[in-house]
Amino acid sequence: MAPKKKKTVKTMDVVAAKSKKKPSSGKAKKPAVSARSSKPAPKPVVIEDDEILLSEALDEASPEEAEELERPMSQISDPEIVSKEEIKKEEPIMKDSDTPKKPFFKNPLKVCSLIIVLATVVSVGFLIFNISRSNFLPAKIFYPSVFALIVLALVILRLTARRKTKAVTHIIIDIFSVILLAASVFGNFKLDDTITFLDKNLNGASYQTIVYDVITGKTSKYNSKESLKDSSIIAPPDFILSEDELINAVRDQLNANLTFNENNDAVTNLPLNDPDGLILLGDAIYTSMTEASADYASATKIVTTLKIEKRIDKDADNGDIAEKPFMLFLSGIDAREDYMPYASRSDVNIAIAVNPKTAQILLLTIPRDYQIHVPGTSGGLNDKMTHTGSLGGVQLSKATAEELLGVKFDDYARVNFAFVVGLVDAIGGITINSDWDTPITCWTNRSCVIQPGDNNVDGECALAFARERMAYDTGDTHRAENQQQVIGKIFEKISKSSTLLGSYSAILDALDGTFETSLTSSDIQSFVRLQLDKTPSWKIHSYTLATTGHDELLTYSYPTQPLYVAYQDPASVAKGKQLIQEILNGN
């Protein structure tokens with residue numbers, strides 16, 4: 001219950017309830033005792049406004065005291081009777097500034113806040129530096145973002161350094177600073193990983209190991225590297241290294257002599273005709289030959305291998321790919337290694353036309369078994385598109401596609417099987433659609449069964465679906481359509497911001513070391529800025545070159561073993577050329 005409020009004493013503020021002293025001749029006079037009470041005079045009492053009624057004071061006072069109470073304050077001269085106003089005047093007035101405070105650096109709360117804020121400011125500074133270094137953000141996003149971060153950091157620092165900032169404000173600032181610190185540290189790590197990834201995989205020259213096999217007859221006397229000293233080895237024309245490079249490597253590593261024969265058929269058949277005959281073939285070529293022909297595998301053997309380091313320089317910069325149309329050659333090689341061999345069969349060959357102004361992309365697939373002429377060869381034998389990767393790596397595959405389609409590729413990219421498997425798994429799988437009426441058990445992976453309609457698949461089954469041709473009447477043509485579908489589904493899912501944010505680190509880990517490209521980090525940065533700046537909705541077109549049939553034919557790389565070869569359809573090739581020009585011209 002609230003205390004009862006007392007009425008105000010109107011006549012005086014303060015009265016000392018003590019008898020008034022009178023002047024005497026020098027002797028002290030005893031204080032008068034009230035007739036109504038024998039109690040001694042009370043000690044000085046301070047009566048404040050709103051505390052004691054005047055009538056109560058008169059009842060309790062002696063006659064002398066009552067007389068004093070009724071007198072005006074101006075006539076009271078007793079030094080022990082002091083008004084409330086005089087008391088207030090005598091009391092010192094304490095200001096906030098007069099309150100003693102601890103020095104700033106002896107206040108644990110403020111010191112802790114300052115440390116957190118300074119760490120946040122430093123981390124935000126590094127974040128701004130890394131954002132600038134990554135060069136991903138367009139100007140309309142970059143400059144406002146940097147300005148906002150700088151202003152935010154300065155405001156937090158100013159509030160923390162102020163002496164008058166309240167404890168509650170410090171706590172709020174600390175919580176916000178910790179959140180900002182965590183976000184900036186996370187951003188710094190992600191940006192640093194991205195920059196490191198780009199520098200490692202996209203920038204500057206690289207070195208690759210090119211492997212050659214020294215091959216002879218199964219019963220040959222040559223059984224080791226040492227046995228090859230001063231021997232003579234024959235090689236067909238090479239599409240990777242010059243004759244002088246190969247001659248010097250054979251001499252330095254094997255102490256043997258190397259000569260060349262333009263007749264590829266004669267070279268590959270030498271171990272069959274002469275058990276002690278020695279030939280030099282690329283490892284990818286010999287592997288393919290033994291897989292295609294059991295007879296060749298049983299009649300030959302590898303004496304030793306020759307490994308040569310080759311410097312791979314980037315192609316000249318073709319300008320900003322986000323500003324003008326460009327052509328990209330994509331090669332998917334038949335390899336599962338965690339590195340990129342220089343030469344390997346090119347099972348996927350796609351010419352990609354990109355027009356950033358119209359946001360259109362064309363995926364034009366050249367079937368792996370398509371009959372083509374290998375640039376730089378003669379003798380009348382053609383080959384299959386897939387073999388160009390074994391003969392001369394991605395450069396020969398690209399040159400072959402250029403000759404076929406009549407275009408010049410600005411850049412290339414080469415990926416292996418691990419690229420597809422890792423990327424699909426990193427983004428949580430993809431949904432593919434089978435247009436077949438019955439379930440398909442993939443030939444290259446029997447554990448993958450594709451049902452009619454939509455299928456959610458992981459990386460292994462996505463790869464198996466992209467490689468499947470045995471289940472279809474149209475064989476290689478349908479396989480090309482599957483490949484285009486897988487590429488489109490990956491692009492569709494990876495372009496979503498939720499996928500990138502949630503799987504960013506997994507995507508980088510999956511891609512690391514599984515691809516080779518002439519694109520630079522500047523190209524990638526430019527393309528990302530385009531996506532963030534204009535957010536185009538890309539339209540993807542697909543087309544596969546048709547065939548007019550197939551046959552078992554001898555090829556340049558397999559002059560002794562007839563292989564399945566699909567004949568070109570000139571009308572389809574012409575249409576493919578037309579579609580490329582329509583995309584590049586913005587039609």
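Along each chain, residues carry numbers from 1 onward, in the same order as the chain's sequence is written. Local features in a predicted model are, by the rule used here, given only for residues with pLDDT of at least 70; side-chain atom pairs are given and counted only at 80 or more, and totals for whole chains, interfaces and linings are based on all residues. Heavy atoms from the whole structure form the basis of all side-chain values; hydrogens and water molecules are not counted.

### Quick word on the pattern of salt bridges
Note the cut-off: We count a salt bridge whenever a side-chain nitrogen from Lys or Arg sits within 4 Å of a carboxyl oxygen from Asp or Glu. For helices the rule is a DSSP run of H or I covering at least 4 residues; for strands it is a run of E covering at least 2, with both sets numbered from the N terminus onward. Only protein chains enter the accessibility calculation, which uses a 1.4 Å probe; a residue is then buried when its area is under 20% of its type maximum, exposed when over 50%, and partly exposed in between.
Inspection of the entire model under this criterion finds 13 salt bridges. Asp512 is paired through a salt bridge with Lys200; the nearest N and O atoms lie 3.0 Å apart. Taken together, the residues Asp512 in the loop between helix H15 (497-511) and strand S16 (515-517) and Lys200 in helix H6 (residues 167-201) connect sequence positions 312 residues apart. The exposure class of Asp512 is partly exposed, given its relative accessible area of 30%. Among the residues examined, Lys200 registers a relative accessible area of 57% and is labelled exposed. Two residues, Arg251 and Asp252, come together in a salt bridge whose shortest N-O distance is 3.9 Å. A relative accessible area of 57% places Asp252 in the exposed class.

### A word on the state of the cysteines
Selection rule: Cysteine sulfurs are considered disulfide-paired once they come within 2.5 Å of each other.
Under the definition given, this model contains one disulfide. The partner cysteine of Cys448 in its disulfide is Cys461, sulfur to sulfur 2.1 Å. With the S-S dihedral at roughly -90°, the linkage between Cys448 and Cys461 falls on the left-handed side. Of this pair, Cys448 sits in the loop between strand S13 (440-441) and strand S14 (449-450) while Cys461 sits in helix H13 (residues 459-467), placing them 13 residues apart in sequence. The closest cysteine sulfur to the non-disulfide-bonded Cys442 is located on Cys448, 5.4 Å from its own sulfur.

### A look at the packing of aromatic side chains
Threshold: Two rings from Phe, Tyr or Trp (for Trp, the six-membered ring) form a pair when their centres are within 6.5 Å of each other. A pair whose planes differ by under 30 degrees is stacked, one over 60 is edge-to-face, and the rest are tilted.
Counted under the stated rule, the structure contains eight aromatic pairs. A centroid spacing of 6.1 Å and a plane angle of 40° characterise the contact between Phe197 and Phe515, whose relative ring orientation is tilted. Residue Phe197 is located in helix H6, and its partner Phe515 is located in strand S16; the two are separated by 318 residues in the primary sequence. Judged on exposure class, the residue Phe197 and its partner Phe515 are both buried.

### Details of the packing of helix H12 (residues 417-426) against H13
The geometry of a pair of packed helices is captured by two quantities: the angle between their axes and the separation between those axes. Rule in force here: Axis angles are defined between N-to-C directions and span 0 to 180 degrees, where every axis is a line fitted to C-alpha atoms and, for a helix, only to the segment in contact. To sort the angles, those under 35 degrees are grouped as roughly parallel, those over 145 as roughly antiparallel, those from 65 to 115 as roughly perpendicular, and the leftovers as oblique. Working rule for handedness: look at the near helix, and if it is turned counterclockwise from the far one by less than a right angle, call the crossing left-handed; if clockwise, right-handed. In this description, contact between two residues means that some pair of their heavy atoms is separated by no more than 4.5 Å. Polar here means any residue other than Ala, Val, Leu, Ile, Met, Phe, Trp, Tyr, Cys and Pro, which are nonpolar, and Asp, Glu, Lys and Arg, which are charged; Gly is therefore polar.
One way to put it is that H12 packs onto H13 with a least axis distance of 7 Å and a crossing angle of 130°. With respect to their mutual orientation, H12 and H13 come out oblique. Handedness of the crossing formed by H12 with H13: right-handed. Of the residues in H13, those touching H12 at Phe417, Val420, Val421, Val424 and Asp425 are Gly459, Glu460, Ala462, Leu463 and Arg467. Its residues assigned to classes, the contact of H12 with H13 comprises six nonpolar, one polar and three charged.

### So, a nonpolar patch on the surface
The cut-off we apply is this: For patches, a residue must show more than 30% relative accessible area and have no salt bridge; joins then use 9 Å for like charges and 5 Å for nonpolar side chains, namely Val, Leu, Ile, Met, Phe, Trp and Tyr. Residue burial considers only the protein chains on display, and all accessible areas are found by Shrake-Rupley using a 1.4 Å probe.
A cluster of nonpolar side chains, namely Phe147, Val151, Val155 and Leu159, defines an oily patch on the protein surface of about 340 Å² accessible area. The class for Val155 is partly exposed, based on a relative accessible area of 44%.

### Describing the confidence of the model for the chain
Residues shown with low pLDDT carry predicted positions that ought not to be read at fine detail. Using the following cut-off: For every residue, the predictor assigns a confidence score, pLDDT, that lies between 0 and 100.
Mean pLDDT over the chain stands at 82; residues scoring 70 or higher make up 78%. A low-confidence stretch, residues 1-39 stays under pLDDT 50, and its non-local contacts, those more than four residues away or across chains, total 64 contacts. Throughout residues 43-52 the model reports pLDDT below 50, and contacts reaching past four residues in sequence, or to other chains, amount to 28 contacts.

### Thoughts on empty space enclosed by the protein
Going by this rule: Cavities and pockets were defined on a 1 Å grid built over protein atoms only: a cavity is a set of grid points that admits a 1.4 Å probe from which the probe cannot escape, a pocket is an open set flanked by protein on both sides within 12 Å along at least five of seven lines, and lining residues are those with an atom within 4 Å of any such point. Grid points are joined across faces, edges and corners, and a volume is the space filled by probe spheres set on the points.
Tallied over the entire structure, the rule returns three cavities of 30 Å³ or more. Quantified by volume, the largest cavity comes out at close to 150 Å³. Lining the largest cavity we find 17 residues, and of these Pro236, Pro237, Leu281, Gly282 and Ile285 sit closest to its centre. Counting residues per element, the ones that place at least two in the lining of the largest cavity are helix H8 (264-273), strand S4 (279-282) and helix H9 (283-292). Of the residues in the lining of the largest cavity, the class split is 12 nonpolar, four polar and one charged.

### What about helix H5 (residues 139-161)?
The line we're drawing: Helices are assigned an expected span. That span is 1.5 Å times one less than the residue count.
Here H5 is 23 residues long and its end C-alpha atoms lie 33 Å apart, about the 33 Å a rise of 1.5 Å per residue gives. For H5, the complete set of buried residues consists of Phe142, Val146, Leu149, Ala153, Ile156 and Thr160.

### Let's talk about a negative patch on the surface
The test is simple: By the counting rule applied here, Lys and Arg register as positive and Asp and Glu as negative, while His and the ends of each chain are not counted. Taken as the charge centre is NZ of Lys, CZ of Arg, CG of Asp or CD of Glu, depending on the residue.
A cluster of like negative charges, contributed by Glu243, Asp244, Glu245 and Glu262, occupies part of the molecular surface. One can find Glu243 in helix H7 (residues 243-254). On the accessibility criterion, Glu243 (47% relative accessible area) is partly exposed.

### Notes on the sheet that holds strand S11 (residues 411-415)
Just so we agree on the cut-off: When DSSP locates at least two bridges between a pair of strands, those strands are taken to pair.
Ordered by their spatial adjacency, six strands build an open sheet running S16-S11-S6-S7-S8-S17, and the pairing between neighbours is mixed. Each edge of the open sheet carries a strand with a single partner, namely S16 and strand S17 (539-544). Along the sheet, successive strands turn relative to each other by an average axial angle of 20°, direction set aside. Pairing of strand S6 (residues 326-333) with strand S7 (residues 346-355) involves eight bridges; the strand directions are antiparallel. The partner of Leu328 across the bridge, within S7, is Ile352.

### Considerations on unusual backbone geometry
For Asn255, which is not a glycine, the phi torsion comes out positive at approximately 55°. Here Asn255 shows up in the loop between H7 and strand S3 (257-260). Judged by its relative accessible area of 45%, Asn255 is partly exposed. Here the phi dihedral of Ala359 falls at roughly 55°; this positive angle occurs in a residue that is not glycine.

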